[in-house]
Amino acid sequence: MHIPSIPGYEVEDGPSTLGSLWAPPQGEFPRKLWPSAELLRICPDPTGWVTIEECFYRSDEMYGRTHNVLIDASCRAHVLQSGSHWTGRSDVGSVEVWGDGTFCDGLTASCDARDELMFFAAVREHHGFVMPTFEITPTFLWYWDAYPKDGGWFYFDAAGRSVELIRVAITMDEWKVEVAALEMRTFLAASGRELLVEKDYTVLTTDGIEPFERVDDNHHTRWSNFDWFAMMDEAGSNASAFSNLRGEYVVEGTVTARLRRVEARKAEKKHVEYVYGVDPGTGEVQRHTCNPNVLGDFSDSGARLHAMTPVYFSREVLTRYTNEPSRYKVTPSWIRCLNLWRLDIGINTAGLVEVYLGELDALAESEQAHWLAYNVPPQGDMEEGRFRRDFLNQPARSPDPVGDLRRARSRAAKATGALLGAPVWRDLDTQAAAEFEALLGPTSDDPSALNAPTIILTKALIDAMDPAPLKKYLGGSNTSEGSIALLRRLLTSLGDTDDAAETFAALQAFRSAGGVAHLGGSKASAQRARLGIEGMSPWAAFVRMTEDLTKALDRVVALVEGHS
């Protein structure tokens, strides 16, 4: 019977762990003392996580330590033959000045003249005064261009996504440090080294102990050397026993485990085929690879599909980017991931995201697969500004409703500040400013997709209103007058006949009664109608709201500047 490999459980055709190679020895000892679970985690070619530093104590059950050093790959046999003696533990990771004046920096040490041991990582204690600290050779962090986050370390893959590299959990008395196995093994292969992991585990038991003679065993492979014994605890007041596992094993390098971002960009990758059209005769969708080597350009005769053939995607493709504004910047014209990559886009007349076929190949494979999931047949026309810029070489502007709104808010704040002594629209706090800056609008057709953008709009344009300068300029206020009512009174005094404040009042009412901040009630439809968005799709409603808010802010500016 063939059984698949199940992580965390030993199976017949599973990986070569020490647990699968080393059977419990003969002898009358409590089977609980055999460290089967720990032996299953000892493996020369792991693919998950490797514990490199550990210290723990579980009363009446188990305690132990794990440590590590780097060794030259050619020295493995000699280091393991030397026996389980915590190789170099006293020299690697600590500074020594010998009697003859020799200075040892703790970064390297030797068992003898043949073996060089190198520091990799350690948890250093500080005599119980402060929390122990984790230290690691910077070479490993530099290799992966790693950065600290949430108590561990991460790196960016070719798509700009964070990949967990090191997990660190430290308290005053216990700690555990794990490193991603494949990233570790890639580094080892590149540096010509191996990781020597040293373990010292003790298991205790008092369950149904019958007297037994001490049992000793040893297991040696080309990649490990461990001793184990079990015996009665004669010093204990009750019948008890313990066992100890002590030794070393090697984690081997492999060159095909993981690719660093810089190498992934140069590596050969699969070229995804995208839908770019529909055959008018058969109605079948037409697909073509994004491989730039088989695409044509402006100098071709037309035999090859042009690299600037537009390919279309539903707006949901943007969700993963708009959900992480600290990592991605999204505008109607481009998407940027930190300083790692950028993709030019457009929004066509049907509201679809538009990308040129040849430019999709610049994305990492994982990112191309994401875009493929949202690829749709063409619908609508290319936005005129983009067509003029890219194909007619004419300077032209593309619609940017949110950008227009931000600029209008800034002008209104400046204008009211000049008239009233302080702006009506205050500077946003850090969180609200980041949300307003990242605002793009709904990225799906689900009605709930309008909720979050509406809340951001009300934060930036309603909640951020400061009534103080309005009250001062108007000579006071009634008890029931809020910011919008005060703004309306100001604008009326300046000659407003169009009630520019109504747009802000309608937005506030929609937030309260339209099913955004609260469940939509019987007045929800009326509030949508008041905003002029009843029956609209989320994207169309958002565009209408931002355009109307921009017009209202521009009207405020015109009235204030006209009065000044």
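Up top is the structure these notes are about.
Asker: Please set out the overall build of the protein chain residue by residue, giving values where relevant.
Answerer: Tallying secondary structure elements over the protein chain gives 17 helices and 25 strands in all. The C-alpha radius of gyration of the protein chain comes to 34 Å, more than 25% above the 24 Å expected for a compact globule of 564 residues. Principal-axis analysis of the C-alpha atoms places the extent of the protein chain at approximately 100 × 70 × 60 Å. Burial status across the protein chain gives 45% buried among its 564 residues. Long-range pairs, those at least 24 residues apart, make up 62% of the contacts in the protein chain between residues at least 6 apart in sequence. Of the roughly 28,500 Å² that the protein chain leaves accessible, carbon and sulfur atoms contribute 51%. Of the side chains in the protein chain, 56 bear a positive and 80 a negative charge, and the two mean positions are spaced by 9 Å.

Asker: Any details on helix α9 (residues 384-391)? Residues and values, ideally.
Answerer: Between the side-chain oxygen at the start of α9 and the backbone nitrogen of Gly-385 there is a gap of 2.6 Å, and the oxygen is on Glu-383. A positive backbone phi angle near 55 degrees is found at Asn-393, which sits one or two residues after α9.

Asker: Lay out the nonpolar core with the relevant residues and their values.
Answerer: Membership of the largest hydrophobic core comes to 50 residues, with the highest contact counts inside it found for Phe-120, Phe-140, Ile-166, Met-184, Phe-187 and Leu-195. What Phe-140 contacts, discounting residues up to four positions off in sequence, is Phe-120, Leu-165, Ile-166, Val-179, Glu-183, Met-184 and Phe-187. Counting 46 residues, the second-largest nonpolar core is a separate cluster that includes Leu-419, Leu-457, Leu-531 and Ala-541.

Asker: Help me get a handle on the packing of helix α13 (residues 467-474) against helix α14 (residues 483-493), residues and values and all.
Answerer: Axes are the key here: two packed helices are described by the angle between their axes and the distance separating the axes. Between α13 and α14, whose axes approach to 10 Å, the crossing angle comes to 40 degrees. By the angle between their directions, the pair α13 and α14 is classed as oblique. The two elements α13 and α14 cross, and the hand of that crossing is left-handed. Mapping the contact onto sequence places Pro-467, Leu-470, Lys-471, Tyr-473 and Leu-474 in α13 and Ser-483, Leu-486, Leu-487, Arg-489 and Leu-490 in α14. Class assignment for the residues of the contact of α13 with α14 results in seven nonpolar, one polar and two charged.

Asker: Account for the sheet that holds strand β20 (residues 328-330), naming residues and giving values.
Answerer: If you walk across this open sheet you meet the three strands as β20-β21-β22, and the pairing is antiparallel. Both edges of this open sheet fall to β20 and β22 (341-344), since each of them pairs with a single strand only. Strand-to-strand, the axes of this sheet are offset by a mean angle of 10 degrees, without reference to chain direction. Strand direction decides the pairing type here: strand β21 (residues 334-337) and β22, joined by four bridges, are antiparallel. Paired with Ile-335 across the bridge in β22 is Leu-343.

Asker: Talk me through the state of the cysteines; I want residue IDs and the actual numbers.
Answerer: A covalent bond between the sulfur atoms of two cysteines is what we call a disulfide. If you walk through the whole model with that rule in mind, you get zero disulfides. Counting only cysteine sulfurs, Cys-337 is the nearest neighbor of Cys-290, a cysteine outside any disulfide, at a range of 18 Å. Judged by relative accessible area, which is 0%, Cys-290 ranks as buried.

Asker: Give me the lowdown on unusual backbone geometry, citing residues and values where you can.
Answerer: The phi dihedral of Asp-150 falls on the positive side, at around 55 degrees, and the residue is not glycine. Within the element layout of this structure, Asp-150 appears in the loop between β9 (147-149) and β10 (152-156). With phi around 55 degrees, Asp-499 is a residue other than glycine that occupies positive phi space. For Asp-499, a relative accessible area of 31% translates into the label partly exposed.

Asker: So what's going on with a nonpolar patch on the surface? Residues and values would help.
Answerer: A cluster of nonpolar side chains, namely Phe-298, Phe-387, Phe-391 and Leu-392, defines an oily patch on the protein surface of about 390 Å² accessible area. Examined against the element boundaries, Phe-298 turns out to sit in the loop between β18 (285-289) and β19 (310-313).

Asker: Summarise the sheet that holds strand β25 (residues 375-376); cite the residues concerned and give the values.
Answerer: Strand pairing within a sheet occurs via backbone hydrogen bonds; the two strands may be parallel or antiparallel. The four strands are arranged β23-β24-β19-β25 in an open sheet whose pairing can be described as antiparallel. A single partner strand is all that each edge strand has here, and the edge strands are β23 (346-347) and β25. Pairing analysis gives two bridges linking β19 to β25, with the strands arranged antiparallel. Across the sheet, residue Phe-313 finds its bridge partner in β25, namely Asn-375. Helix-sheet contacts for α9 involve β23 and β24 (353-356), and the interaxial angle to β24 is about 10 degrees.

Asker: Can you tell me about the pattern of salt bridges, naming the residues and giving the values?
Answerer: Scanning all chains against the criterion turns up 34 salt bridges. In this structure, Glu-125 and Arg-65 form a salt bridge, with 3.5 Å as the shortest nitrogen-oxygen distance. One end of the pair, Glu-125, is in the loop between β7 (121-124) and β8 (133-136); the other, Arg-65, is in strand β2 (residues 62-72), with 60 residues separating them in the sequence. Notably, a salt bridge pairs Arg-258 with Glu-183, separated by 3.2 Å at the nearest N-O pair.

Asker: Outline the packing of aromatic side chains, listing residues and values.
Answerer: According to the stated counting rule, one finds 26 aromatic pairs in the structure shown. Ring geometry for Phe-298 versus Phe-391: centroids 6.4 Å apart, planes at 70 degrees, classification edge-to-face. Taken together, the positions of Phe-298 in the loop between β18 and β19 and Phe-391 in helix α9 put the pair 93 residues apart, joining distant regions of the chain. Accessibility expressed as a relative area gives 31% for Phe-391, which makes it partly exposed. In this structure an aromatic cluster arises from ring pairing among Phe-120, Phe-140, Tyr-143, Trp-144, Tyr-155 and Phe-187. Above the ring of Tyr-143, the side-chain terminus of Arg-260 is found at 4.3 Å from the ring centroid.

Asker: Could you give me a rundown of helix α16 (residues 524-531), with the residues and numbers involved?
Answerer: Note: α-helices contain 3.6 residues per turn, so residues at a spacing of three or four share the same orientation. Of all the residues in α16, the buried ones are Ala-524, Gln-527 and Leu-531. Relative to the axis of α16, the buried residues are bounded by an arc of 65 degrees and lie together on one face. Those residues of α16 hidden inside the fold are in contact with α15 (502-513) and α17 (538-563). Of the residues trailing α16, Gly-532 is marked for its positive phi of about 80 degrees.

Conventions used here
- Residues numbered from 1 in each chain as written.
- Predicted model: local features only at pLDDT ≥ 70, side-chain atom pairs only at ≥ 80, totals over all residues.
- Heavy atoms only, no water.
- Helix = DSSP H or I, 4+ residues; strand = E, 2+ residues; numbered from the N terminus.
- Rg over C-alpha atoms; globule rule 2.2 N^0.38 Å.
- Buried < 20%, exposed > 50% of the residue type's maximum accessible area, 1.4 Å probe, protein only.
- Contact = heavy atoms within 4.5 Å.
- Areas by Shrake-Rupley, 256 points an atom, 1.4 Å probe, with all protein chains shown as cover.
- Lys, Arg positive; Asp, Glu negative; His and termini not counted.
- Charge placed at Lys NZ, Arg CZ, Asp CG, Glu CD.
- Polar contact = N/O pair within 3.5 Å; in protein donor to acceptor, adjacent residues only side chain to side chain.
- Core = buried A, V, L, I, M, F, W, Y, C linked by side-chain atoms within 4.5 Å.
- Axes fitted to C-alpha atoms, helices over the stretch in contact; angles between N-to-C directions.
- Parallel < 35°, antiparallel > 145°, perpendicular 65-115°, else oblique.
- Left-handed = near helix turned anticlockwise from the far one by under 90°.
- Nonpolar A, V, L, I, M, F, W, Y, C, P; charged D, E, K, R; others polar.
- Pairing = 2+ DSSP bridges.
- Disulfide = S-S within 2.5 Å.
- Patch = residues over 30% accessible without salt bridge, like charges linked within 9 Å, V, L, I, M, F, W, Y side chains within 5 Å.
- Salt bridge = Lys/Arg side-chain N within 4 Å of Asp/Glu carboxyl O.
- Phe/Tyr/Trp six-rings, centres within 6.5 Å; stacked < 30°, edge-to-face > 60°.
- Lys NZ or Arg CZ within 6 Å of the ring centre and 35° of its normal.
- Arc of directions from axis to C-beta.

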